[in-house]
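So you can see what is in the structure, the chains are spelled out below.
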Amino acid sequence: MKIIALTLLLVLPATALLPDLLEKLWPEQNDGVFDGVARIPYVDLLNDNSYIDPFLLQSMKKYGFFYVVDVPEYSASLEQDYMKAFFALEDDVKDEIAIRRHNPANKNAYRGYCPGLDDVENTLQYKNLYNIGPHETRAPTFKQDDSDIYAKLRYDCQEPNVWPETGNCTFDKVFKETFQAGFEIRRNIGRAFIRSIARAMEYPNLPTLFTEDEFSAMGLRKYPIRRKINSNMYSDFDGTLLRELEHIDSTVTVLSTFNNEGLEVLYKNQYRTVPVTGENSFLVNIGKLVDDLIDNKVPAVRHRVAEVDFDRYSVTYFLGPQFDADISRSMTGKLTDAGQKYTIFGEWIKDYLGAIELFYY
């Protein structure tokens with residue numbers, strides 16, 4: 001890594017000082033397992049400054065994730081405060097925007113409130129969630145006689161958001177504006193990451209698969225204090241009691257854990273605690289689908305949420321390919337695992353919509 005840093009002296013802007021740069025990309029070493037994880041400045045990532053690419057790629061290859069730091073005009077505390085206020089609302093208020101599975105009177109199937117504690121004995125997760133997407137209005141109405149078998153699915157993927165109406169106009173307005181802005185920040189990070197990894201790996205066509213994001217999703221999650229333990233929530237790996245079972249993601253993930261511990265990743269065959277994102281940073285990792293597209297050159301890190309003795313809040317954003325993106329072949333033309341059954345991302349989504357809570361939440 002020191003060799004990479006010295007090499008970058010030849011390509012960095014004249015005003016860049018190497019000690020300052022290294023302090024940004026790697027915090028002071030404290031002999032922690034994840035001290036070497038890269039910390040990429042938000043502005044440099046979004047401005048496509050190519051000096052970040054080898055640092056980002058090295059961090060992804062070694063650890064499976066990196067941090068984005070120094071995000072202008074972003075407050076994690078503000079987001080968490082509004083999340084706490086939302087989840088503390090009366091159940092009948094949240095039920096007005098609950099997804100159709102939980103409130104059949106509602107039309108929204110994917111965007112909205114999703115209580116996850118209804119069946120503690122059988123659930124594979126222990127959290128409540130509020131899901132936000134990229135659309136505020138619906139696309140043109142779907143025609144029932146449309147011969148395109150994917151026309152309805154395209155229509156469904158553009159389901160508009162539903163926002164809480166509490167009777168407090170100030171709360172409703174600021175809540176919506178806060179998380180609309182948060183969604184945009186995370187989408188910018190996800191797309192900029194794709195551009196960076198494409199440059200680093202010399203895959204110029206990769207960003208074309210992410211031009212649109214019809215079914216990206218941001219989930220506001222509350223993991224309540226557990227009052228009843230179900231046997232399904234113990235780890236098959238080491239017997240640890242969990243709030244979120246071990247899994248790998250599917251697409252690009254941009255995560256906020258605020259100052260809430262609990263996230264663990266599998267590193268060198270042992271689950272280890274991941275440093276929190278804090279007030280002004282995000283954690284980025286990829287899932288199986290994206291890993292296959294880039295020829296499995298970086299790991300889709302396996303992770304979980306361990307049991308903690310407090311109400312835990314986090315925000316997870318997922319950036320997937322556009323509906324028509326070809327996911328059957330990697331950037332070098334190899335058949336992907338998804339390609340054994342699907343050609344485009346829309347086909348893949350179709351099979352997962354029925355299990356949306358497990359897929360995106």
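Note that the coordinates shown come from a computational prediction; the quantities given were computed from them, not determined experimentally. Within each chain, residue numbers correspond to sequence positions counted from 1 in written order. Per-residue local features are limited, in this predicted model, to residues with pLDDT of at least 70; the limit for side-chain atom pairs, both in listing and counting, is 80 or more; totals at the level of whole chains, interfaces and linings are taken over all residues. For side-chain calculations, the full set of non-hydrogen atoms in the structure is used, while hydrogens and water are omitted.

J.: I tried to follow the overall build of the protein chain on my own but got confused; where do I start?
T.: Strands here mean DSSP runs of E at least two residues long; helices mean DSSP runs of H or I at least four residues long; both are numbered from the N terminus. Helix and strand counts for the protein chain come out as 11 helices and 12 strands. With 361 residues in all, the protein chain has 54% of them scored as buried. Sequence separation of 24 or more characterises 70% of the internal contacts of the protein chain that already satisfy a separation of 6 or more. The accessible surface values rely on the Shrake-Rupley method and a 1.4 Å probe; as for residues, cover is taken only from the protein chains in view. Surface summary for the protein chain: the accessible area is close to 16,800 Å², and the carbon and sulfur share equals 49%. Accessible area is worked out with a 1.4 Å probe on protein chains only. A residue is then buried under 20% of its type maximum, exposed over 50%, and partly exposed in between. In this description, contact between two residues means that some pair of their heavy atoms is separated by no more than 4.5 Å.

J.: Before we go on, may I ask you to explain the pairing of strand S8 (residues 263-267) in this structure?
T.: For a regular strand, side chains alternate in direction, first toward one face of the sheet and then toward the other. Most of S8 sits inside the fold, with 4 of its 5 residues counted as buried. Two strands pair when backbone bridges link them, and S8 and strand S11 (residues 303-306) are joined in this way by 3 bridges, in the antiparallel orientation. Looking across to S11, one finds that Val-265 is bridged to His-303. Two strands qualify as a pair provided DSSP detects at least 2 bridges between them. Sheet topology note: the S8/strand S9 (residues 270-273) ladder contains 4 bridges and is antiparallel. Residue pairing for S9: Leu-266 is matched across the bridge by Tyr-271.

J.: Quick question: what am I supposed to make of the sheet that holds S8 here?
T.: Paired through their backbone hydrogen bonds, the strands of a sheet run either parallel or antiparallel. The strand order across the open sheet formed by 4 strands is S6-S11-S8-S9, and the pairing between neighbours is antiparallel. Looking at strand neighbours, the two that pair on one side only are strand S6 (242-247) and S9, the edges of this open sheet. Across the sheet, the axes of successive neighbouring strands diverge by a mean angle of 30°, strand direction being ignored. Axis definition: a line fit to C-alpha positions, over the contact stretch in the case of helices; interaxial angles, taken between N-to-C directions, run 0 to 180 degrees.

J.: What is the right way to look at a negative patch on the surface in this model?
T.: A contiguous patch of negative charge on the surface is contributed by Glu-90, Asp-92, Asp-95, Glu-96 and Glu-165. Judged by relative accessible area, Asp-95 falls into the partly exposed class, the value being 33%. By definition, no residue in a patch forms a salt bridge, and every one has over 30% relative accessible area; like charges are joined within 9 Å, nonpolar side chains (Val, Leu, Ile, Met, Phe, Trp, Tyr) within 5 Å. We define a salt bridge as a side-chain nitrogen of Lys or Arg found within 4 Å of a carboxyl oxygen belonging to Asp or Glu. A residue counts as positive if it is Lys or Arg and as negative if it is Asp or Glu; His and the chain ends are not included. Positions of charges follow a simple convention, taking NZ of Lys, CZ of Arg, CG of Asp or CD of Glu.

J.: Would you take a moment to explain the packing of aromatic side chains for this structure?
T.: The geometry of two aromatic rings is summed up by the distance between their centres and the angle between their planes. Whether two aromatic rings pair depends on their centres lying within 6.5 Å, for rings of Phe, Tyr and Trp, where Trp uses its six-membered ring; planes under 30 degrees apart make the pair stacked, over 60 edge-to-face, and the rest tilted. This structure, assessed with the given rule, holds 23 aromatic pairs. Relative to Tyr-67, the ring of Phe-65 lies with its centre 5.9 Å away and its plane at 85°, an arrangement referred to as edge-to-face. Classification of Phe-65 as buried rests on a relative accessible area of 1%. One aromatic cluster in this structure is built from Tyr-82, Phe-86, Phe-87, Tyr-113, Tyr-130, Trp-163, Phe-171, Phe-175, Phe-179 and Tyr-313.

J.: What am I meant to see in the pattern of salt bridges here?
T.: In a structure, side chains of opposite charge can pair up when their charged atoms sit close to one another. According to the stated counting rule, one finds 20 salt bridges in the structure shown. Asp-91 is paired through a salt bridge with Lys-94; the nearest N and O atoms lie 3.7 Å apart. Within this pair, Asp-91 and its partner Lys-94 are both found in helix H6 (residues 91-95), separated by 3 residues, close to a single helical turn. Assessed through its relative accessible area of 59%, Asp-91 is described here as exposed. Since its relative accessible area comes to 5%, Lys-94 is described here as buried. The partner of Glu-184 in a salt bridge is Arg-187, with the nearest N and O atoms 2.7 Å apart. Here Arg-187 and Glu-184 lie together in helix H8 (residues 169-201), a separation of 3 residues that amounts to about one turn.

J.: Before we go on, may I ask you to explain the environment of Leu-255 in this structure?
T.: Locating Leu-255 in the fold gives a position in strand S7 (residues 252-256). With relative accessibility at 10%, the residue Leu-255 sits in the buried group. Along the primary structure Leu-255 and Leu-283 are separated by 28 residues, whereas in three dimensions their C-alpha atoms are 5.0 Å apart.

J.: What am I meant to see in helix H10 (residues 345-352) here?
T.: Helical geometry: 3.6 residues make up each α-helical turn, so side chains three or four residues apart lie on a common side. When we look at burial in H10, the residues that qualify are Phe-345, Gly-346, Trp-348 and Ile-349. Each buried residue of H10 sits inside an arc of 160° when the element is viewed along its axis, so together they form one side. Here, the arc refers to the directions that run from the helix axis to the C-beta atoms.

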